[in-house]
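Results of the structural survey
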Amino acid sequence: MADFIVPSTSRPETDAEHRLQGPIHAQRHVRVICIGAGASGLLLAYKLQRHFSNISLTVYEKNPEVSGTWWENRYPGCACDVPSHNYTWSFEPKLDWSAVYASSREIFQYFNAFARKYGLHNYVKVQHQVTGAYWNHQKGGYNVTIKDLKTGQEISHHCDVLVNASGILNNWRWPAIPGLDKYKGTLLHTANWDDNVNLNGRHVGLIGNGSSGIQVLPTIQPNVSKVTAFIREPTWVSPVQGLEQHVFSDQERLEFATKPGVLLEYRRNVERGLNGQFGIFLKGTNTNNETEAYMKSQMQERLHNPYLEERLIPNWHVGCRRLTPGVGYLEALGKENVEVVYGEITRITEKGCVCDNGNEYPVDVLICATGFDTSFKPRFPVVGPNGKNLQDVWKEEAQSYLGVAAAEFPNYLIFLGPNCPIGNGPVLSAIECQADYMLKLIDRFQTNNISQFSPKQEAIDDFIAHKDQFMQKTVWNDACRSWYKGRPDGPVTALWPGSTLHYIEAMMEVRLDDWEVKYNGNRFAWLGNGYSQTELDPTADWAFYVRDKDDDEPLSRGRKLQLVNRSGTMSRNVGVNFTGKRDTGESKAIAPKI
Ligand code: NAP
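Each chain carries its own residue numbering, running from 1 in the written order of its sequence. It should be noted that, the model being predicted, local features are given only for residues of pLDDT at least 70 and side-chain atom pairs only at 80 or more, the latter also being counted only at that level, while totals for whole chains, interfaces and linings use all residues. Remark: hydrogens and water are excluded; side-chain values derive from all non-hydrogen atoms of the structure.

An unreviewed UniProt entry lists the protein under the name FAD/NAD(P)-binding domain-containing protein, with Glonium stellatum given as the organism. What the UniProt record of the protein gives under Sequence similarities (unreviewed entry) is the line "Belongs to the FAD-binding monooxygenase family." UniProt positions are given in the numbering used here, feature names are shortened, and annotations may be inferred rather than shown by experiment.

Turning our eyes to something else, we now look at the environment of Gly41. A run of DSSP states H or I qualifies as a helix once it reaches four residues; a run of E qualifies as a strand once it reaches two. Both are numbered from the N-terminal end. Here Gly41 shows up in helix α2 (residues 39–51). For Gly41, a relative accessible area of 1% translates into the label buried. When the C-alpha atoms of Gly41 and Glu61 are compared, they prove to be 9.2 Å apart, with 20 residues separating the residues in sequence. The contact rule is simple, with two residues in contact once any of their heavy atoms fall within 4.5 Å. Among residues more than four places away in sequence, those in contact with Gly41 are Cys34, Gly36 and Ala165. Note on exposure labels: buried denotes an accessible area under 20% of the residue type's maximum, exposed denotes more than 50%, and partly exposed covers the range between, all computed with a 1.4 Å probe on protein chains only.

As a further point, take the domain arrangement of the protein. Segmentation into domains, and thus their bounds, comes from an automatic or database assignment. According to the domain assignment, the protein consists of domain 1 (27–171 + 375–519) and domain 2 (180–368). Contacts between the two partners involve 48 residues from domain 1, matched on the other side by 48 residues from domain 2. Note on domain 1 versus domain 2: buried area summed over both sides is about 4,000 Å², and carbon and sulfur give 55% of it. The salt bridge criterion pairs a side-chain nitrogen of Lys or Arg with a carboxyl oxygen of Asp or Glu, the two atoms within 4 Å. At the boundary of domain 1 and domain 2, one finds four salt bridges. N or O atoms closer than or at 3.5 Å make up a polar contact, with two conditions inside protein: a donor-capable atom paired with an acceptor-capable one, and, for residues adjacent in sequence, both atoms drawn from side chains. At the surface where domain 1 touches domain 2, the tally comes to 20 residue pairs in polar contact (both at pLDDT 80 or more). The residue inventory of the side of domain 1 that touches domain 2, partitioned by class, reads 21 nonpolar, 18 polar and nine charged. Summed over both partners, the accessible area lost on bringing two parts together, with a 1.4 Å probe, is the buried area. Gly counts as polar in this scheme, as do all residues outside two lists: the nonpolar Ala, Val, Leu, Ile, Met, Phe, Trp, Tyr, Cys and Pro, and the charged Asp, Glu, Lys and Arg.

Each disulfide consists of a covalent bond between the sulfur atoms of two cysteine residues. We call a pair of cysteine sulfur atoms a disulfide whenever their separation is within 2.5 Å. Counted under the stated rule, the structure contains one disulfide. In this model, Cys320 is linked to Cys480 through a disulfide, with the two sulfur atoms separated by 2.1 Å. Between Cys320 and Cys480 the disulfide shows an S-S torsion of about -85 degrees. By sign, it is left-handed. A residue pair is termed long-range when its members are at least 10 positions apart, and Cys320 in the loop between α9 (306–312) and β13 (324–325) and Cys480 in the loop between α13 (457–471) and α14 (500–506) qualify at 160 residues. The class of Cys320 is buried, set by a relative accessible area of 0%. Residue Cys480 is classed as buried on the basis of its relative accessible area of 0%. The thiol of Cys355 is unpaired, and the distance to the nearest cysteine sulfur, on Cys353, comes to 6.1 Å.

Around the ligand, a shell composed of 25 residues is seen, among which Ser212, Arg232, Arg321, Arg322 and Trp483 lie nearest. Contact between the ligand and Gly210: an oxygen atom at 3.5 Å from a main-chain N or O atom of the residue. Residue exposure ignores everything except the shown protein chains as possible cover, and the areas themselves are Shrake-Rupley values with a 1.4 Å probe. Surface burial for the ligand is 87%, taken as the share of its 910 Å² of free accessible area covered by protein chains. For the shell around the ligand, the element with the highest residue contribution is helix α5 (residues 211–220), accounting for three residues. Residues are labelled near a given molecule or strand when at least one of their non-hydrogen atoms is within 4 Å of it.

Here it is, written out as structure tokens:
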């Protein structure tokens, strides 16, 4: 399939000369390649299609289906711990979710249906894996190399703007334990599940107690003969975040579908609750202390086993590792057919795992719930104009500009890059605001005669210094092992220094002072032939600014924001913690009133 061209009335413009023949802000032709058709890639396609003309877009997806993580993660018990009605795009509710917490299959269906509804599959080439991106010194932009996974053929494709939407929780990782290749039983990774494996009646080994392991254990435990759970680090296991699991009745679904405003109010209420939890992540606040005391008592009650309590309840703060509601996990650890082995696995044999207590634990099936490579290094070379490869630049520490771009890699944008709010609050809203931010950059690129745009190194240095200072106040800075950072005492690379609402506000405008821009010839070529776009549009009102009252949108940031966030429509908002208690507000800055 060739590039799908977004229908356009304007003709492709490639250089400054051509622009002089057209009106101001002519929309020259822009070729975009997006890597990955998961949630982020699909959203980019949706928004480009909806808001732009004269763009060609190709989305390369390595899997045979769209939806990314929700296609890949199909392990038993896989679900999302965000309430389903809030695990949708803000503008695309789903009326008939089956339950408060939906399975990965149902979420896959949501994103697949979203893609079908808006014809997004037209842009996607499945089973095509990007293998490299190299700056094109003649044309600008990148030559992208791609492997067709069906035929094995390598192809090359040029773009002006490259968007990496390949996801941070995508490069799944085997545990670094010697002998893994010697194991003769059935070996599985949670993020690369083999649907043909039947676990019933078998003795299963389970490595890991992160979010995936916590979901797997209670799901498989009733059906297998035995589970040996290998755990090497304590972890906070939280109760469900504010809402109990509940299967929606036909009546409830009918109400959501037919009663105006009911679903919207439900979604907004849940989202307010999710956004109200940020105080938990700030050390030393009452919110954090109360949450910790509550979770500790909950864990003790549910484990009811001094040996496990001592090993599983952490001495670092709640939230240092990502919290997962462990529905049935702690209870499952105490079941008769579950054996907990605490400590390091020193090697793997043909039969199973040998641990640091010297014992060998043979198992029929070994499930590695061992997570992902979250170093943020791209999985393929990305080589910029100065010959540097982003894989090398980010080898020690990934330092991005606000989670979306890297210095010296012009025209390269990243969804959920380093230090964006992937675990600070609702993640899909963060993806939406990243997409909007990227489209503002692409819009300027298209209409302002720009050839290269990249964030300045000095802006990134300042951002990283601010982020590192901020992180000292957060629970993420504790010495726990977590995919939020490379090592327990290392800098936090995966999270944003603030709440999700804070990120949304920070990303509302492009701070042009932080961007390095190069032009195609004269920077004012975009002024064109002296005619405005309005004069070229026979249906536009050539006196649009003549009015009988001042109905301008607010010009100051503060007033604009009050309009966007519907200031004045709520009685006082307060944060909440996991105990259900209200945040005292001590962690919030009180803004001065003008
Ligand atoms: P993870 O949180 O990184 O957990 C990996 C687990 O494997 C840890 O317990 C780790 O132990 C263990 N491990 C790794 N190497 C090991 C080794 N050599 N020996 C023994 N144990 C080893 O990965 P995950 O559970 O797949 O979750 C990753 C993220 O995916 C989550 O934090 C979340 O953001 C997302 N997720 C979300 C949901 C959801 O409900 N929304 C569900 C699943 C996943 P150590 O901690 O000791 O290193």
